[in-house]
Amino acid sequence: MRTLKDLDPRGKRVLVRVDYNVPLKDGQVQDETRILESLPTLRHLLAGGASLVLLSHLGRPKGQDPRYSLAPVAEALKKHIPSVRFVPHTPGSEEAHRAVQDLAPGEVALLENVRFEAGEERNDPELSARYARLGEAFVLDAFGSAHRAHASVVGVARLLPSYAGLLMEKEVRALSRLLHEPERPYAVILGGAKVSDKIGVIEALLPRIDRLLIGGAMAFTFLKAQGGEVGKSLVEEDRLELARSLLERAEAQGVRVHLPQDVVAAQGIEAGIPTQVFPADAVPQPYMGLDIGPKTREAFTEALKGVRTAFWNGPMGVFEVPPFDEGTLSVGRALAALEGAFTVVGGGDSVAAVNRLGLKDRFSHVSTGGGASLEFLEKGTLPGVEVLE
Ligand code: ADP
Ligand code: MG
């Protein structure tokens, strides 16, 4: 990839695609992580004498919906870089084009949500050409969007001299280490809602790993595939065959698979609802399994001992609603306790768990991309990486 080392930003107007898809509540940014993660690149370019034009998406607006305006993000960003101003025009518009003409070195303009542009997601060439007029060089630092072949990620990168930002570089370096000559033993811990989201990554990693720990709702598809009784737990009925075949392939490749032995179950998901622990293959109606149980927490902690490389994606239970967060927290602690191992966590909810525990610094890498990190591990590259090569 071409990186910032290949770019002399002095006197240039640099267009930077960042990922400011942050959670908002009542017009306030709830979690600044993604803003903070963009600062090294922005500061590097500003110190080098550039002016900056920033592009980002926010949410999934249908058309120009003011609830998805980036104005609150500009307010939050200003606290870190005072020379930021918000341009309330979409990046493909004449107004936006005019507004960035007089930027002086050191100044930063954040334009309105790229997804307010109809052509953004279908990578419209005309829209990409309009974006390309906003700067003289393009820096892609939105790792969380690098799996999307959209106009502000891939389209514009083809039209300007383009470079990976520091966050992008850091992410690609860390995730590449999970693919190329990882130290063994190597464990992958998967959880979250659906098997179907994670099939590709399981298939790609099976030949490389030693241990596969499966929790979360996706475990129930595997448990049912083995003939277990899972009550009302979430199961993807159309993936039972696939789950069986993944288990067979894992065995054939010498991967030790750890499924839950017991689960914490309830008749609903409300906080404070009575819970009961059942064997994972004997959850009666009308109970649903909502977290891994105490025996499983212990077994998973044991299975992670001595691991030299680990990748974790997806919570072990309905982490948002205590007490169903216990399993996720115990996996977070077990990984954080590994000394000298290379540990990576990716995925919105699993990263939130790690942050809540204050264990972020105990991981080698906390990925800002959920879908992007999974796709990178599956394919070894991303549309937004390829375009910078
Ligand atoms: P990540 O954001 O870390 O990639 P996912 O988005 O794949 O993770 O999955 C997170 C979701 O999975 C959470 O909303 C969580 O409540 C849900 N989940 C986890 N375990 C269960 C379960 N046993 N039953 C229902 N939902 C679950
Ligand atoms: Mg998620």
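Residues numbered from 1 in each chain as written. Chains lettered and ligands numbered in written order. Predicted model: local features only at pLDDT ≥ 70, side-chain atom pairs only at ≥ 80, totals over all residues. Heavy atoms only, no water.

A. Spatial organisation of the site of ligand 1. Close contacts around ligand 1 come from 19 residues, with Lys198, Gly289, Glu320, Asp349 and Ser350 the closest. Take Glu320: an N or O atom from its side chain is 2.5 Å from an oxygen atom of ligand 1. Within the contact set of ligand 1, an oxygen atom lies 2.7 Å away from a side-chain nitrogen or oxygen of Ser350. Computed on the free molecule, ligand 1 has an accessible area of 580 Å², of which 83% lies beneath the protein chains in the complex. Looking at the shell around ligand 1, the elements that each hand over two or more residues are β14 (288–292) and α12 (348–356). The greatest single-element share of the shell around ligand 1, amounting to 3 residues, is contributed by α12. (Near = heavy atom within 4 Å. Polar contact = N/O pair within 3.5 Å; in protein donor to acceptor, adjacent residues only side chain to side chain. Areas by Shrake-Rupley, 256 points an atom, 1.4 Å probe, with all protein chains shown as cover. Helix = DSSP H or I, 4+ residues; strand = E, 2+ residues; numbered from the N terminus.)

B. Structural detail: helix α11 (residues 326–336). Counting buried positions along α11 yields 9 of 11 residues, so the element is predominantly enclosed. Looking at the buried positions of α11, the neighbouring elements they touch are β9 (186–190), β14, α10 (294–303), β15 (309–313), β16 (342–346) and α12. (Buried < 20%, exposed > 50% of the residue type's maximum accessible area, 1.4 Å probe, protein only. Contact = heavy atoms within 4.5 Å.)

C. Quick peek at the sheet that holds strand β8 (residues 162–164). Read from one edge to the other, the open sheet built from 6 strands follows the order β5-β6-β4-β1-β7-β8, with strand pairing classed as parallel. Looking at which strands have only one partner, the edges of the open sheet turn out to be β5 (84–87) and β8. On average, each strand axis in the sheet is tilted by 25 degrees relative to the strand beside it, whichever way the strands run. Note that strand β1 (residues 13–17) and strand β4 (residues 51–55) share 5 bridges and pair parallel. Bridge assignment links Arg17 to a residue of β4, and that residue is Leu55. On top of the sheet, helix α2 (residues 71–78) reaches β4, β5 and β6 (108–111); it is set at about 175 degrees to β5, its chief contact. (Pairing = 2+ DSSP bridges. Axes fitted to C-alpha atoms, helices over the stretch in contact; angles between N-to-C directions.)

D. The arrangement of the sheet that holds β14 in detail. In spatial order, the strands read β13-β12-β14; together these 3 strands make up an open sheet with antiparallel pairing. The open sheet has two edge strands, β13 (276–279) and β14, and neither has a second partner. Across the sheet, the axes of successive neighbouring strands diverge by a mean angle of 45 degrees, strand direction being ignored. Sheet analysis places strand β12 (residues 262–266) next to β13, joined by 4 bridges and oriented antiparallel. Note on β13: the bridge partner recorded for Val263 is Phe278. Where α10 meets the sheet, it contacts β12, β13 and β14, and its direction lies at approximately 35 degrees from that of β14.

E. Structural detail: the packing of helix α1 (residues 33–47) against helix α6 (residues 166–179). Contact geometry of α1 with α6 gives a least axis separation of 7 Å together with a crossing angle of 125 degrees. As judged from the angle between their axes, α1 and α6 are oblique. Only Leu166, Leu167 and Lys170 of α6 make contact with α1, whose side of the interface consists of Glu37, Pro40, Thr41 and His44. (Parallel < 35°, antiparallel > 145°, perpendicular 65-115°, else oblique.)

F. Representation of the side chain of Glu171 in the model. Mapped onto the elements of the fold, Glu171 is located in helix α6. It is Lys170 that comes nearest to the buried, bridge-free Glu171 among opposite-charge side chains, at 6.8 Å. Separated by 2.6 Å, the side chains of Glu171 and Thr368 make a polar contact. With sequence-adjacent residues up to four places away left out, Glu171 is seen in contact with Phe143, His365, Val366, Ser367, Thr368 and Gly369. (Lys, Arg positive; Asp, Glu negative; His and termini not counted. Salt bridge = Lys/Arg side-chain N within 4 Å of Asp/Glu carboxyl O.)

G. Summary view of the nonpolar core. Counting 76 residues, the largest nonpolar core has Ile202, Leu205, Leu212 and Phe222 as the members making the most contacts within it. Contacts of Leu212, omitting those with residues within four sequence positions, involve Val188, Leu190, Ile202, Leu206, Val255, Arg256, Val257 and His258. Leu46, Ala76, Ala137 and Tyr163 belong to the second largest nonpolar core, which has 29 residues in total. (Core = buried A, V, L, I, M, F, W, Y, C linked by side-chain atoms within 4.5 Å.)

H. Spotlight on unusual backbone geometry. Note the cis peptide between Arg184 and Pro185, where omega equals -5 degrees. The topology assignment puts Pro185 in the loop between α6 and β9. Here the amide bond leading from Gln285 into Pro286 is cis, since omega sits at -5 degrees, within 30 degrees of zero. Along the polypeptide, Pro286 turns up in the loop between β13 and β14. Of note in this structure, Asp26 is not a glycine but carries a positive phi near 50 degrees. Tracing the chain through its elements places Asp26 in the loop between β2 (24–25) and β3 (28–29). The phi dihedral of Asn123 falls on the positive side, at around 55 degrees, and the residue is not glycine. For Asn123, the position within the fold is in the loop between β6 and α4 (125–132).

I. Structural view of the packing of α6 against helix α13 (residues 371–379). Interhelical geometry of α6 versus α13 gives an angle of 40 degrees and a closest axis separation of 9 Å. When the axis of α6 is compared with that of α13, the two are oblique. The way α6 lies across α13 gives a crossing that is right-handed. For the pair α6 and α13, contact is made by Val172, Leu175, Ser176, Leu178 and Leu179 and by Ser373, Phe376 and Leu377, respectively. Residues belonging to the contact of α6 with α13 are distributed by class as follows: 6 nonpolar, 2 polar and no charged. (Left-handed = near helix turned anticlockwise from the far one by under 90°. Nonpolar A, V, L, I, M, F, W, Y, C, P; charged D, E, K, R; others polar.)

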